[in-house]
Amino acid sequence: MELFWILLFSVIHPYARGQGVYAPANAQIVHSGQACVVKEDNISERIYTIREGDTLVLQCLVKGHPRPQVRWTKTAGSASEKFQETSIFNETLRIERIQRVQGGRYYCKAENGVGVAAIKSIRVDVQYLDKPVLTVHQTLSDVRGTYYQEKTVFLRCTVNSNPPVRFIWKRGNQLIEQSKDNGVDIYEPLYTQGETKVLKLKNLRPQDFANYTCEVSVRKVCDIPDSSVTFLLTTTTSPPALRLSVNETLVVDPGRDVTLSCEVTAGNPAPTVSWSRYPGPMPPRAQIRGGSLTLRSVAPADSGYYNCTAVNSVGNPAKRTVNLIVRAMRNLTFQITPDLNKDSETIQIGRDLKLSCHVDAQPQDKVNYTWYKNAAPVVPSDSLLVLRSDPDMAPGTSSLEIVDMKFRDQATYSCVASFPGSAVPELRVDVNITQSSVIPPVLTVPTGGGTVTVREGSWAELVCLVDGKPRPPVLWSRADKDLPMPSGDWAVETRDGRLRLNNVTRDLAGTYRCQTAQYNGLNIKRREAQVQLIVQYAPIVDPPSLDVRSPSNLPVTLRCAVLKSNPQRVARVSWLVNGRALRPEALGTQDPPQLRIENLRPGNNGTYECSINNGVGSSSCIFNVSARPYNPEFYYDTPNPIRVQKDNNYSYNLQWTQKEPTAVDRIVGYWINCQSMSASPQLRQTVVSKQITTSEPKKGELLSYLLTDLRIPLSYEVWLTPVTMYGQGDAAYRVVQYSEPYTYLRPSDYVCGFEDQRICGFTQDRSDKFDWTRQNQLSQNPKRSPNTGPDTDRSGTKEGYYMYIEASRPRQPLDTARLLSPLYNVTSKGPKGSNRMPYCISFYYHMRGKHIGSLNVFLRVKSIAMMETPVWAVSGNQGPQWKMARVPVTPIGPFQVVFEGVRGAGYEGDIAIDDVSVTKGVCKQEKSISNQVLSGGPTVQLDTLLVCVLLCLQLFHR
């Protein structure tokens, strides 16, 4: 089902303003289509209710000239979310299968550059009802005064819904009422998520062991069906319990298959077991069978917490968690720390020295570090101290301290990291410790490398040379901006000090810092240097493109400004006219570059290009110079532009304004071309192709031309081109489409005889049982039911059409067919002393047959909420003649007329209507119809009461 809502912005008619250009303005909101509820709350906000999963269509209809652009936005609470932004006119926002999170306030904003923007809003309320969840909780308490145990059971029913639900509890098929059963208590607990009702069974009795059903209902709002859940309470009902087959922390080697089993040890009903993982989803290779989870060929990325949960709606779910750790080691680093107490940066005999070793591993605390000196295991002593976890270093770091270093302590030291008993390969690092093999690092920038200049789009290499023993890595970062590196990291490690940047953009320009790392070398103060990166790019010019219009024989000056450039110096400026270079002597030396056309003539109209080069690249300003007039702008809000003519023809009042009419030479007329639309060029017919003469147009002035002899129901393409004494300008294009002129509300204006297949914009109501049928004498079924229905239309011609209801099978008594008129807009105030304008609904009806039911007329008003009021009705056989009815109404807002035919007791009950009109003003009183008017006719006969009773019975039946 699709739901529609229309925002309609109406404005003061431009003729009242004296001009054709006007801004969009707010006036009223009209909805169409089927919604669950459309209402207004206490602050006059329109609320649109829709069922979750349906399709929502919001349509914004706006008036304004030039035609406004429409933009949709949505807000939810204080957060704003832009839904879409588009320049399509009368934009429709469509949401397929709307979800509850998409409810909120929707805004339609229309702008056309004239005045302030027009904004309308509506709040969309998404209705839903989830499946209820029923859980059972038991308590056991001692009552010492009488020495017995009281067992109490709580059945908790929880559901998420909008609007709030109604709960019904049943034991078996019997409704549970708290007032009639002292053994139960029904209440709503505090601080619960969603809506919850609790059924408390006090001191369980034998009859309490039964099936319990919790039914929830939103009272058929949006046709949402009721939902329920059932639970069987027995003497063996118990919560679930679980047992794991492995330890809660499981450490395994990579590449192994791991099976985690969760055994259900208790629970009635039988619990349902599920597995989940945190963080992240289950690995792709995971296999779940019952309570067992198998992970094939595990990798370090599969580490995490695996949760086994058993649920049977009794008590709390049983949950067991396994912390799976897949062993891994990488990135083994070392540090050489000289004697910190002496503030030293070198190795010296007689001073302390610390060697540290760290590896990134999981689990970190299971890593075993082994130290070697010249390939022999280090034996701890007073001068060689081994720290398993050094408190002065990062967690998981092992250190070897050499106290009061002697000559014999100069050697090659090795650190080996491993997982004991694991197949994970060990990692090893060797450090040569001598006075000559450990030298503090020196960081330098090569000569000429302090500034690197590259062109945008190319690559750049920044170099910081590092020397020392051991030679540490170099870390690069941004120095003058709080920005990450192009990779997204805040620092990038390079082994040789060379940083390569690919596809360099101007955003990467700036200062870069290089630093020595404090690992894989001496753990001393960092060495630091900086490199400046300069990115060169082509000039940014203004305007990149400009349409220049000017009257003939006047000078025109073109200027091209440089907004930004690197380098800023302009190396070369060149001008092209229609692709040909101008002679250098024709160019000036102004800054910014400019070109003056002394006398604009047809020969020097065209495209002028100013190309500016700064040695890196070129950019151009494009000027389209012309004396051609701008295009006209069609006016789409012409009131009642269509008039029906003879011979199935119609006319269309085409209106437009001229864009910037004084920008060029005087406009003397327009060339208009109109032809019918067809997929085949051979079938297209030209209605008009000629030049029309007009007075000189003024800015905002409406111009008109009447297109005649257009065939119903064809559509036509129209091209309109302004003309000056020097030639034609830019053309405008639009499509003229035929539609029934049903919105006339003036007396004696338009009478709908249903002669066109579009039936004057009338539509069939989807909520009825069957439809009205369009027919004339020539299309009648020869085997139709005799003694009922008209032979011809009201005029008596064979070709004339009318609308009727067919009472033959499969129709049943009291079946209804409803025909809806177009929406009539109420814009005028009533006569003096009244705020409402009277209208007259006039039509002919035919009701012949012994089984005739009823013909009812309703007035459907769309205001704060949609209201439908009966205004006229007649029942039973009215004879073989067409009869006329006039119904006076005074609607309070936009309205529709609803014709409802009700099938009688048998097949001889056809009802017909013809020649329907709605006119402004009071009805002409006629005695023949006054007794059938329900809204205040001058005389009322006795059968009026019977008509009212019949209407009430029909409404009750529906």
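The rules behind these values
- Residue numbers run consecutively from 1 along every chain, following the written order of its sequence.
- Predicted model: local features are reported for residues with pLDDT of at least 70 only, side-chain atom pairs are reported and counted for 80 or more only, and whole-chain, interface and lining totals are derived from all residues.
- Side-chain descriptors were evaluated using all non-hydrogen atoms of the structure, hydrogens and water having been removed beforehand.
- What counts as a helix is a DSSP run of H or I of at least four residues, what counts as a strand is a run of E of at least two, and both are numbered from the N terminus.
- Residue burial is assigned from relative accessible area. The probe radius is 1.4 Å, only protein chains are included, and a residue is buried under 20% of its type maximum, exposed over 50%, and partly exposed in between.
- In this description, contact between two residues means that some pair of their heavy atoms is separated by no more than 4.5 Å.
- With residues, only the protein chains shown are counted as cover, and all accessible areas are computed by Shrake-Rupley using a 1.4 Å probe.
- Nonpolar cores were defined as sets of buried Ala, Val, Leu, Ile, Met, Phe, Trp, Tyr and Cys residues, with membership established by side-chain atoms within 4.5 Å.
- Two strands pair if DSSP finds at least two bridges between them.
- Here a salt bridge means any side-chain nitrogen of Lys or Arg lying within 4 Å of a carboxyl oxygen belonging to Asp or Glu.
- The pLDDT value tells you how sure the predictor is about a given residue, anywhere from 0 up to 100.
- Each Phe, Tyr or Trp ring, with Trp reduced to its six-membered ring, pairs with another whose centre is within 6.5 Å; inter-plane angles below 30 degrees give stacked pairs, above 60 give edge-to-face pairs, and intermediate values give tilted ones.
- Counting as a charge over the ring demands two things of the Lys NZ or Arg CZ atom: a distance within 6 Å of the ring centre and an angle within 35 degrees of the ring normal.
- Residues enter patches when their relative accessible area tops 30% and they take part in no salt bridge; the joining distance is 9 Å for like charges and 5 Å for the nonpolar side chains Val, Leu, Ile, Met, Phe, Trp and Tyr.
- Here, two cysteine sulfur atoms that lie within 2.5 Å of each other are counted as a disulfide.
- Pairs of N or O atoms within 3.5 Å make up the polar contacts considered here, provided that, within protein, one atom can donate a hydrogen while the other can accept it, and that residues adjacent in sequence are counted only when both atoms are side-chain atoms.

## As for the overall build of the protein
Right, so step 1: Within the protein one finds 3 helices and 72 strands.
Right, so step 2: Of all 958 residues assigned to the protein, the portion counted as buried reaches 45%.
Right, so step 3: Long-range contacts, defined as pairs at least 24 residues apart, comprise 68% of the intrachain contacts of the protein with a sequence gap of at least 6.
Right, so step 4: Just so you have it, the protein exposes about 49000 Å², and 49% of that area is on carbon and sulfur atoms.

## Some remarks on the nonpolar core
Right, so step 1: Core analysis: the biggest nonpolar cluster contains 37 residues, and Phe843, Leu855, Trp872, Phe899 and Ile913 have the highest contact counts within it.
Right, so step 2: Looking at this core, the elements with two or more residues in it are strand E65 (802-805), strand E66 (816-820), strand E67 (839-847), strand E68 (854-862), strand E69 (866-875), strand E70 (883-889), strand E71 (895-902) and strand E72 (911-920).
Right, so step 3: When residues of this core are assigned to their parent elements, the largest contribution, 5 residues, is made by E67.
Right, so step 4: By size, the runner-up hydrophobic cluster in this structure holds 30 residues, among which are Val359, Val378, Cys415 and Val438.

## Details of the sheet that holds strand E15 (residues 174-175)
Strand pairing within a sheet occurs via backbone hydrogen bonds; the two strands may be parallel or antiparallel.
Right, so step 1: The 4 strands are arranged E15-E14-E18-E19 in an open sheet whose pairing can be described as antiparallel. Bordering the open sheet on either side are E15 and strand E19 (227-232), each of which pairs with just one other strand.

## What to know about the pattern of salt bridges
Right, so step 1: Tallied over the full model, the rule gives 39 salt bridges.
Right, so step 2: Arg527 is the partner of Glu345 in a salt bridge, and the nearest nitrogen-oxygen pair spans 2.8 Å. Highlighted residues: Glu345 in the loop between strand E28 (328-338) and strand E29 (353-362) and Arg527 in the loop between strand E44 (521-522) and strand E45 (528-542), separated in sequence by 182 residues.
Right, so step 3: Between Glu461 and Arg498 there is a salt bridge; the shortest N-O distance is 3.5 Å. Placement of Glu461 in strand E38 (residues 460-463) and of Arg498 in strand E42 (residues 498-501) is noted, with a sequence separation of 37 residues between them.
Right, so step 4: Residue class for Glu461 comes out partly exposed when judged on its relative accessible area of 33%.
Right, so step 5: Looking at Arg498, the relative accessible area reads 39%, which means it is partly exposed.
Right, so step 6: Residues joined in a network through salt bridges with shared partners are Asp765, Arg818, Arg860, Glu868 and Glu900.

## Points about the confidence of the model for the protein
Right, so step 1: When pLDDT is averaged along the protein, the result is 85; 86% of the residues meet or exceed 70.
Right, so step 2: Across residues 1-19, where pLDDT falls below 50, the model places 80 contacts with residues more than four positions away in sequence or in other chains.
Right, so step 3: Confidence drops under a pLDDT of 50 for residues 77-89, and excluding neighbours within four residues, the segment shows 25 contacts in the predicted structure.

## Quick look at the packing of aromatic side chains
Right, so step 1: Scanning the entire structure with this criterion turns up 13 aromatic pairs.
Right, so step 2: Consider the rings of Trp575 and Phe623, whose centres lie 6.1 Å apart with planes at 20 degrees: the pair is stacked. Of the two residues, Trp575 sits in strand E49 (residues 572-577) while Phe623 sits in strand E53 (residues 618-626), which places them 48 residues apart along the sequence.
Right, so step 3: Counting every residue linked through ring pairs, the aromatic cluster contains Phe843, Tyr845, Trp872 and Phe899.
Right, so step 4: Positioned above the aromatic ring of Tyr128, the side-chain terminus of Arg100 is 3.7 Å from the ring centre.
Right, so step 5: Directly above the aromatic system of Tyr630 lies the positively charged group of Arg549, at a separation of 4.3 Å from the ring centroid.

## Considering a nonpolar patch on the surface
Right, so step 1: Together, Val562, Val570 and Val573 give the surface a local cluster of nonpolar side chains, amounting to about 170 Å² of exposed area.
Right, so step 2: As for its placement among the helices and strands, Val570 is situated in the loop between strand E48 (561-566) and E49.

## Side note on the side chain of Asp181
Right, so step 1: Here Asp181 lies in the loop between E15 and strand E16 (184-187).
Right, so step 2: Exposure remark for Asp181: the relative accessible area of 15% places this residue in the buried category.
Right, so step 3: Apart from residues no more than four positions distant in its own chain, Asp181 is found in contact with Arg171 and Arg205.

## With respect to the sheet that holds strand E30 (residues 368-373)
Right, so step 1: Taken in spatial order, the 4 strands make up an open sheet running E31-E30-E34-E35, and their pairing is antiparallel. Both edges of this open sheet fall to strand E31 (376-377) and strand E35 (427-433), since each of them pairs with a single strand only.
Right, so step 2: Where E30 meets E31, 2 bridges bridge the pair, whose relative direction is antiparallel. Residue pairing for E31: Lys373 is matched across the bridge by Ala376.

## A short note on the state of the cysteines
Right, so step 1: Counted by the stated rule, this structure contains 8 disulfides.
Right, so step 2: Between Cys752 and Cys760 runs a disulfide, and the two sulfur atoms are separated by 1.9 Å. Measuring handedness by torsion sign, the sulfur bridge of Cys752 and Cys760 sits at about 90 degrees and is right-handed. You'll find Cys752 and Cys760 in the same group, each marked buried.
Right, so step 3: No disulfide involves Cys610; its sulfur sits 4.0 Å from that of Cys560, the nearest cysteine.
Right, so step 4: Accessibility expressed as a relative area gives 0% for Cys610, which makes it buried.

## Thoughts on unusual backbone geometry
Right, so step 1: Residue Asn162 is joined to Pro163 through a cis peptide bond whose omega torsion reads 10 degrees.
Right, so step 2: For the bond from Gln362 to Pro363, the omega torsion is -5 degrees, close enough to zero to count as cis.
Right, so step 3: For Asn203, which is not a glycine, the phi torsion comes out positive at approximately 50 degrees.
Right, so step 4: Summarising the element assignment, Asn203 is placed in the loop between strand E17 (195-201) and strand E18 (211-217).
Right, so step 5: For Asn203, a relative accessible area of 35% gives the class partly exposed.
Right, so step 6: At Asn648, a residue that is not glycine, the phi angle is positive and equals roughly 60 degrees.

## Digging into the pairing of strand E9 (residues 104-111)
Right, so step 1: By the bridge criterion, 7 bridges tie E9 to strand E10 (residues 118-129) in an arrangement that is antiparallel. When the sheet's bridge partners are listed, Tyr107 is paired in E10 with Ser121.
Right, so step 2: Where E9 folds back on E10, the antiparallel hairpin that results is connected by 6 residues, among which Gly113 adopts a positive phi of roughly 80 degrees.

## Digging into the environment of Glu52
Right, so step 1: With respect to the element layout, Glu52 can be found in the loop between strand E4 (46-51) and strand E5 (55-62).
Right, so step 2: In this structure the C-alpha to C-alpha distance between Glu52 and Asp125, which are 73 residues apart in sequence, comes to 9.4 Å.
Right, so step 3: When sequence neighbours within four positions are dropped, the list of residues in contact with Glu52 reads Ile98, Gln99, Arg100, Val126, Gln127 and Tyr128.
Right, so step 4: Within the local environment of Glu52, its side chain forms a polar contact with the side chain of Arg100, the two groups lying 3.0 Å apart.

## Let's talk about the side chain of Thr337
Right, so step 1: Within the secondary structure, Thr337 is located in strand E28.
Right, so step 2: Owing to a relative accessible area of 3%, Thr337 belongs among the buried residues under this scheme.
Right, so step 3: With near-sequence residues (within four places) excluded, Thr337 lies in contact with Leu353, Lys354, Met393 and Asn523.

## Some thoughts on the environment of Asp815
Right, so step 1: For Asp815, the position within the fold is in the loop between E65 and E66.
Right, so step 2: With 87 residues separating them in the primary sequence, Asp815 and Val902 have C-alpha atoms 5.8 Å apart.
Right, so step 3: If we ignore the near neighbours within four places in the chain, the residues touching Asp815 are Lys769, Phe770, Gly901, Val902 and Arg903.
Right, so step 4: There is a polar contact of 3.4 Å between the side chain of Asp815 and the side chain of Arg811.

## Considering the environment of Asn624
Right, so step 1: Assignment of secondary structure puts Asn624 in strand E53.
Right, so step 2: Considered as a pair, Asn624 and Leu546 are 78 residues apart in the sequence and their alpha carbons are 6.3 Å apart.
Right, so step 3: With residues up to four places along the chain from it excluded, the contact list for Asn624 reads Ser545, Leu546, Asp547, Val548, Gly606 and Thr607.

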